[in-house]
Amino acid sequence: TVKEIEESKAHGGLNNLAQELQLSLAETAALVREVKTASSFTTATTTGATALSLLQTQSSRSIITFSKAVDKMLGGGISLGEVTEVCGIPGAGKTQ
């Protein structure tokens, strides 16, 4: 359930949840995103949310980079629905 996923994540982070589910970190992150999306949509539709409010909620989501420093600098990750340009000196690891 959503509650169980949140509890597991709260007690040991995403790594703990990945171990419990026997999934890779990327698969676990994708699963958490899907569960959050599904639960927010269900909650929104049962409370009578408008299409605009759903769009605004969706546009505030982001893709985590698994780098705390980068995620913090980007305000939580790379924003969905926006263009994010990463630049730097050659060999800095931009294509990682």
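Just above, that's the structure.
Overview of the structure. (Residues numbered from 1 in each chain as written. Predicted model: local features only at pLDDT ≥ 70, side-chain atom pairs only at ≥ 80, totals over all residues. Heavy atoms only, no water.)

1. Here we look at the overall build of the protein
Worth spelling out the cut-off: Comment: elements are numbered from the N terminus, with helices defined as DSSP H or I runs of at least four residues and strands as E runs of at least two. Here the term buried applies to any residue with accessible area under 20% of the maximum for its type, exposed to any over 50%, and partly exposed to those in between, with areas from a 1.4 Å probe on protein chains only. All accessible areas in this document rest on Shrake-Rupley with a 1.4 Å probe, and a residue is counted as covered only by the protein chains that are shown.
Tallying secondary structure elements over the protein gives four helices and two strands in all. Of the regular secondary structure in the protein, the N- to C-terminal order runs α-α-α-β-α-β. Counting all 96 residues of the protein, 12% fall into the buried class. For the protein, the exposed area adds up to about 7,400 Å²; of that, 59% sits on carbon and sulfur atoms.

2. Comments concerning the side chain of Thr28
Counted only if it meets this: Whether two residues touch is decided by their heavy atoms; if any such pair falls within 4.5 Å, the residues are in contact.
The residue Thr28 is located in helix α2 (residues 25-46) in this model. Setting aside its immediate chain neighbours within four residues, Thr28 contacts Leu14, Leu17, Ala18 and Leu23.

3. With respect to the side chain of Asp71
What counts here: Positive charges come from Lys and Arg, negative ones from Asp and Glu, while His and the chain ends are left out of the count. Salt bridge, as used here: a side-chain nitrogen of Lys or Arg that lies within 4 Å of a carboxyl oxygen of Asp or Glu.
Within the secondary structure layout, Asp71 lies in helix α4 (residues 68-73). One buried charged residue, Asp71, remains without a salt bridge, the closest side chain of opposite sign being Arg33 at 9.3 Å. With sequence-adjacent residues up to four places away left out, Asp71 is seen in contact with Ile63, Ile64, Thr65, Phe66, Gly76 and Gly77.

4. Focus: the nonpolar core
This is how it is decided: Nine residue types can take part in a nonpolar core, namely buried Ala, Val, Leu, Ile, Met, Phe, Trp, Tyr and Cys, and a core is a set of them joined through side-chain atoms within 4.5 Å.
One finds Ile5, Leu14, Leu17, Ala29, Val32 and Val35 forming the largest nonpolar core, which totals six residues. Every element with two or more residues in this core is listed here: α1 (2-21) and α2. Val32 has contacts with Ile5, Lys9, Leu14 and Leu17, leaving out every residue within four places of it along the chain.

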